[in-house]
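Now for the letters of each chain:
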Amino acid sequence: MRKPTRTATWLAMLLASAMLLTACGGSNKPAPTAEPTGTTPPAAQDAPKTPKIQGRLTWSAVGEPVNLNPILQSDTNSTFVVQRVFSGLVMINEKLEVAPDLAKSWTKSDDGLQWTFKLRDNVKFHDGKPMTGEDVAFTYNAIKDKGYTGPRSGDFAALEKVEVVDPYTVKFILKEPFAPFLANLTYGILPKHIYSAKPVAEMKDNPANRKPVGTGPWKLGEWVPGQYLTLIRHDDFYANGPYIPEMIVKFVQDGNVGVAKLEAGEFDIGAVPSSAIKRFKEKTSDVFNFYPYQGLGFEYLAFNTSKPGLNDKAVRQAIAHAIDRQKVVNDILEGEGTVLNAPVPPASWAYSEKPIRYSLDTAKAVKLLEGAGYTKGADGIYAKNGQRLAFTITTNTGSSVRESECLFIQKALKDIGIDIQINLVELATFQGKVLPTGNFDMTLNRANLNVDPDPYTYFHSSQAQKNAKGTFVGFNIAQYSNPALDKLLEDGRRENDQAKRKAIYGQYQDVIAEDVPWLVMFNYKSTYAIKKNVKGVVMSPTGPTQGWLWYTE
């Protein structure tokens, strides 16, 4: 039997702007699976009964991991390694359904407040120690600990405690019904014997964060800072595979370099930007199979709503009317994208299909600014009470697509009297210091919708609070606060009926479109190039998946 994918996907690239990244996400509604173009490889179900354990895969990464602790990490480079080194209680299969992983089965009480999980009894950590309920309880109780400094607490706001019933049975006790609960249990399980010696508040300093010990299909091998790292087959992996015993992740300067090296044959797999796919196919169709898909990833422009000017909804709406997002899709992505009203792509069951609210309308943009009391100065820039509408867009280096977006936005906003500067920073700094602290005016970034579309951690006001490290407790980087939306998000978490939740999340999308804390630029369409000797590839709405069952010939 084919084993479904964990946490989300095998690897979706930030359109060559960041590391080949894994998204946590999707919907409970199966979405169409993309078919490869060019020479079609064997389907996964046609794989040999027991493929040979052989070969290696080489990937590129713009930058390198920062923290390999699954409940602390938040950058895409770390995500790639973490989701190969660790396993969660559950995983998300290629149809974006919750499926067993370390937990082989589960039951819940009639009131939905107690969940009991039966664990596999054949799981070993990479150091040979058995994985038991003690490790599961330690991991999730750590997230609830007062000293916890990571960004996951919002995902478990309803969790009261985790109890160990016996070595292979654990019970989660909730304070209230919590619809996203099961889909949130994808985080890797930590080894208690490595992390329990010190308080949770000191977990961020544990050496194991860079020398992880998990239960996943691969374990960390060599890590040469600034050059590469290797992932080596976990021989005691509890399920089938992995059949490719080694992966090499090479760090490159930017996405363009990564695509060039992919074209040159130095890498075995990579996402090819839409602007390059036609030429890439013409040059490499004898080497690669191509897998197009449109999934759950989206590009967004986030506004720091604590900043003067950007704290004014009329200014944000004016900006939305000034940016021709469809032209961005047509000219920069060569049509490979879809404009959205809110951060819910069509592949999600929660998607609200309504006309696009903000199209190009510079006259309306100017009317909004002037209606809010802004007047144009001699320099052509609008101002109010001496505060000019002058902002900086901060994003990461390494993406020609994102840099082109910045230039497009800069010109569009200049045309309506808003001054924009562009600040490009190295990826690790962007993900590790800029986004978690809110140190920006506006930022271009990418996100992926989770398998459960709960947006609480992105937009609930509690998720903009900061911890002792000075970083957000969640991912509300816009520092957006709307009591009415807070209630919607809380109601959406408590409602278990999917039709009723869809109605709630339809209202949420309307509020986000009205208030514009984020302007969603587009939903991605992507194409993966994978060497033809790599077999058993399975696609999901978030890209290639089930990598531990891939094999080489």
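Conventions we followed
Residues numbered from 1 in each chain as written. Predicted model: local features only at pLDDT ≥ 70, side-chain atom pairs only at ≥ 80, totals over all residues. Heavy atoms only, no water. Helix = DSSP H or I, 4+ residues; strand = E, 2+ residues; numbered from the N terminus. Rg over C-alpha atoms; globule rule 2.2 N^0.38 Å. Buried < 20%, exposed > 50% of the residue type's maximum accessible area, 1.4 Å probe, protein only. Contact = heavy atoms within 4.5 Å. Areas by Shrake-Rupley, 256 points an atom, 1.4 Å probe, with all protein chains shown as cover. Core = buried A, V, L, I, M, F, W, Y, C linked by side-chain atoms within 4.5 Å. Patch = residues over 30% accessible without salt bridge, like charges linked within 9 Å, V, L, I, M, F, W, Y side chains within 5 Å. Salt bridge = Lys/Arg side-chain N within 4 Å of Asp/Glu carboxyl O. Pairing = 2+ DSSP bridges. Axes fitted to C-alpha atoms, helices over the stretch in contact; angles between N-to-C directions. Parallel < 35°, antiparallel > 145°, perpendicular 65-115°, else oblique. Left-handed = near helix turned anticlockwise from the far one by under 90°. Nonpolar A, V, L, I, M, F, W, Y, C, P; charged D, E, K, R; others polar. pLDDT = per-residue confidence, 0-100. Phe/Tyr/Trp six-rings, centres within 6.5 Å; stacked < 30°, edge-to-face > 60°. Lys NZ or Arg CZ within 6 Å of the ring centre and 35° of its normal.

I'd love a proper account of the overall build of the protein chain, names of residues and values included.
When you go through the protein chain residue by residue, the secondary structure sums to 13 helices and 24 strands. Here the C-alpha atoms of the protein chain give a radius of gyration of 23 Å, agreeing with the 24 Å that 2.2 N^0.38 yields for 553 residues. Seen through its principal axes, the protein chain has C-alpha atoms that stretch 70 × 55 × 45 Å. Expressed as a percentage of its 553 residues, the buried residues of the protein chain come to 59%. In the protein chain, the proportion of contacts linking residues at least 24 apart, taken out of those at least 6 apart, comes to 71%. Summed over its atoms, the accessible surface of the protein chain is roughly 20800 Å², and 48% of this surface lies on carbon and sulfur atoms.

If you had to explain the nonpolar core to someone new, which residues and values would you point to?
With 73 residues, the main nonpolar core has Leu89, Phe117, Val136, Tyr140, Phe172, Leu185 and Leu231 as its most contacted residues. Looking at this core, the element that brings in the most residues is helix H2 (residues 133-144), giving six residues. Filtering out sequence-adjacent residues up to four positions away, Leu89 remains in contact with Pro100, Asp101, Leu102, Ala103, Leu119, Val136, Tyr140, Phe172, Leu185, Tyr187 and Ile189. If you look at the next biggest cluster of nonpolar residues, it comprises 49 residues, including Ala276, Phe288, Phe440 and Val451.

Tell me what's going on with a nonpolar patch on the surface, and back it up with residues and numbers.
Together, Leu407, Ile422 and Leu424 make up an exposed nonpolar region whose accessible area comes to about 230 Å². Along the polypeptide, Leu424 turns up in strand S18 (residues 419-425). According to the relative accessible area criterion, Leu424 is partly exposed, its value standing at 34%.

Go over unusual backbone geometry, please, and point to the residues and values.
With an omega of -5°, the peptide bond between Gly241 and Pro242 qualifies as cis. Residue placement: Pro242 occurs in the loop between strand S9 (228-233) and strand S10 (246-252). At Asn385, a position not held by glycine, the phi torsion is positive, near 55°. Looking at the secondary structure, you find Asn385 in the loop between strand S15 (382-384) and strand S16 (387-388). One non-glycine residue, Val516, lies in the positive phi region at around 50°. Tracing the backbone through its elements, the reader meets Val516 in the loop between helix H13 (498-515) and strand S20 (518-531). Using a relative accessible area of 1% as the deciding quantity, one classes Val516 as buried.

Which residues make up the sheet that holds strand S6 (residues 159-166), and what are the values?
In any sheet, the strands associate via hydrogen bonds between backbone groups, in a parallel or an antiparallel arrangement. With respect to topology, four strands assemble into an open sheet ordered S4-S5-S7-S6, the strand pairing being antiparallel. Two strands bound the open sheet, and with one partner strand each, they are strand S4 (103-108) and S6. In this sheet, adjacent strand axes meet at a mean angle of 20° when their direction is disregarded. Inspection of the sheet shows S4 paired to strand S5 (residues 114-119) by five bridges, in the antiparallel sense. Along S5, the bridge assignment pairs Ser105 with Lys118. Against the sheet, H2 makes contact with S5, S6 and strand S7 (169-174), and its axis sits at roughly 170° relative to S6, the strand it touches most.

I'd like a rundown of the pairing of strand S11 (residues 269-272), residues and numbers included.
Each regular strand shows side chains that alternate between the opposite faces of the sheet. Of the two faces of S11, the one lined by Ile269 and Ala271 and the one lined by Gly270 and Val272 are each fully buried. Pairing geometry for S11 and S20, over four bridges, is antiparallel. Paired with Ile269 across the two strands is Ile530, which belongs to S20.

An account of the environment of Ile143 is requested, with residue identities and associated values reported.
As for its placement among the helices and strands, Ile143 is situated in helix H2. Residue classification places Ile143 among the buried residues on the basis of a relative accessible area of 3%. Spatially, the C-alpha atom of Ile143 lies 33 Å from that of Leu340, the residues being 197 residues apart in sequence. Excluding residues within four positions of it along the chain, Ile143 makes contact with Ile71, Tyr148, Arg152, Ser153 and Phe156.

Can you lay out the packing of helix H7 (residues 325-332) against helix H9 (residues 400-414) for me, pointing to particular residues and giving the numbers?
Put simply, H7 and H9 touch, their axes get as near as 11 Å, and they point 140° apart. With respect to each other, H7 and H9 are oriented oblique. Judged by the sense of rotation from one axis to the other, the crossing of H7 with H9 is right-handed. Facing H7, whose interface residues are Lys327, Val328 and Ile332, H9 presents Val401, Ser404, Glu405 and Phe408. For the contact of H7 with H9, a count of residues per class yields four nonpolar, one polar and two charged.

Outline the sheet that holds strand S14 (residues 375-376), listing residues and values.
Sheet architecture is open: three strands sit in the order S14-S15-S16, paired in antiparallel fashion. Each of the sheet's edge strands pairs with one partner strand only, and the pair in question is S14 and S16. Relative to S15, S14 runs antiparallel, the two being bridged by two bridges. Its bridge partner lying in S15, Thr375 is registered against Ala383.

Now, about the confidence of the model for the protein chain: what can you tell me, with residues and values included?
Averaged over every residue, the pLDDT of the protein chain is 89; the share at 70 or more is 91%. Segment residues 1-46: pLDDT under 50, and 206 contacts once partners within four positions in sequence are set aside and those in other chains are kept.

How would you summarise the packing of aromatic side chains if you had to cite specific residues and measurements?
Enumeration according to the criterion identifies 23 aromatic pairs in this entry. The interplanar angle of 55° and the centroid separation of 5.3 Å between the aromatic rings of Trp115 and Phe181 together place this pair among those described as tilted. Placement of Trp115 in strand S5 and of Phe181 in the loop between S7 and helix H3 (192-195) is noted, with a sequence separation of 66 residues between them. Side by side, Trp115 and Phe181 carry an identical accessibility label, which is buried. Across the ring face of Tyr456, the terminal group of Arg493 is positioned such that the distance to the ring centre comes to 3.7 Å.

I'd like a rundown of the pattern of salt bridges, residues and numbers included.
For the coordinates displayed, the defined rule picks out 24 salt bridges. Residue Glu266 is joined to Lys250 by a salt bridge in which the shortest nitrogen-to-oxygen separation is 3.7 Å. On the criterion of sequence distance, the pair formed by Glu266 in the loop between helix H4 (255-263) and S11 and Lys250 in strand S10 is long-range, its members being 16 residues apart. A relative accessible area of 29% means that Lys250 is categorised as partly exposed. The closest approach of N and O atoms between Asp452 and Arg501, which form a salt bridge, is 2.8 Å. Note that Asp452 is positioned in the loop between strand S19 (442-448) and helix H11 (456-459) and Arg501 in helix H13, a separation of 49 residues in sequence. For the pair formed by Asp452 and Arg501, the shared burial category is buried. Salt bridges here are not isolated pairs; linked through shared partners, they connect Glu176, Lys487, Asp491 and Arg494.

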